[in-house]
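Okay, here's what each chain looks like letter by letter:
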Amino acid sequence: MTDFDDRLRFAIDLATEAGALARSMRQGLGAVETKSSIDFCTAADLAVEALVRRRLDEAFGDPVIGEEAGGDPAELVWVVDPIDGTTNYIHGTANWCISLALVHRGTVEIGVIYAPDLDQLFVARRGQGATLNGRPLRTSGLRHGGGAVVEVGWSARRPLALSLDLITQMIADDIEFRRCGSGAMGLANVAAGISDGYVELHINAWDALAGLLLVREAGGWTNDFLAGDGLRLGNVVVACTAELTGRLQALGPLRGVA
Ligand code: IPD
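Residues numbered from 1 in each chain as written. Predicted model: local features only at pLDDT ≥ 70, side-chain atom pairs only at ≥ 80, totals over all residues. Heavy atoms only, no water.

K.L.:
Hey, could you run me through the nonpolar core in this one?
P.N.:
Generally speaking, a soluble globular protein has its nonpolar side chains buried in company with each other. Counting residues in each nonpolar core, the largest one holds 37 residues, and the members touching the most others are Val79, Ile113, Phe122, Leu137, Leu209 and Leu214. The dominant element in this core, judged by the number of residues it contributes, is helix 6 (residues 205-217), at nine residues. Sequence-distant contacts of Val79, defined by excluding residues within four places in its chain, comprise Ile65, Ser99, Leu100, Ala101, Val103, Ala205, Trp206, Leu209 and Leu231. Counting residues in each nonpolar core, the second largest holds 27 residues, with Val48, Ile98, Leu102 and Val112 among its members. (Core = buried A, V, L, I, M, F, W, Y, C linked by side-chain atoms within 4.5 Å. Buried < 20%, exposed > 50% of the residue type's maximum accessible area, 1.4 Å probe, protein only. Helix = DSSP H or I, 4+ residues; strand = E, 2+ residues; numbered from the N terminus. Contact = heavy atoms within 4.5 Å.)

Given below as structure tokens:
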């Protein structure tokens, strides 16, 4: 029998430990590997992922799929982004985090996101809600009354023209857009009601899974990210306060996303 409660407590401590390691490595970053014009890997990405893998192996013998060292789907597997928002981390801004998700038989059971510079710890357990530093989270419900604000991530894995088309259509529908550089934090902010939605035409599972559970547990809507082998291949991501679902699904590049 799998003990999710033990793993949840462990993941919270581990995310905090990993965050402290990443912060300690920020001075004198060392070589930055350029994976693409917007995709980087620092020594801290590698060291944090190695730490997370070692700790999970020692404690539970659990396998990991990580951004830097890969891994394979399994009945129970952790999906780990050691530093999401690496560009922000390199540039000295605060919007970056460690993201840990536990997938069991194709269902995300645990999501933990820790943003060390902001000292924000987001925790979600399937069926038990989502919290930020212990405080329960709800999506916005568009309660601010102003226009909707949606963050749009983009990746070189889809044609740039499609992302630009998406932004054009959002503006035409009076949806304000943002780009803050961390998909995991973008999703966590939807759960916290700070923004009303997060969309990206392709994102990897390690960037998205913990945040998607946060949004669902905070009462929001998300597409079925793991459909069509999303764990290995990544997928389009749409997550929002439920009131916005139809409007986002009506935008051309997101039509048919369910
Ligand atoms: C990236 C960030 C970015 C998103 C990209 C991701 P990384 O992750 O989450 O916001 O738009 O799709 O690859 O490289 O900072 O871990």
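Next comes the rest of the description.
K.L.:
Help me understand unusual backbone geometry in this model?
P.N.:
Positive phi values are uncommon outside glycine, yet Arg105 reaches one of about 50°. Among the structural elements, Arg105 can be located in the loop between strand 5 (97-104) and strand 6 (107-115). Judged by its relative accessible area of 60%, Arg105 is exposed. Positive phi outside glycine occurs at Asn133, with the angle close to 45°. Mapped onto the elements of the fold, Asn133 is located in the loop between strand 8 (129-132) and strand 9 (135-136). The class of Asn133 is partly exposed, set by a relative accessible area of 49%.

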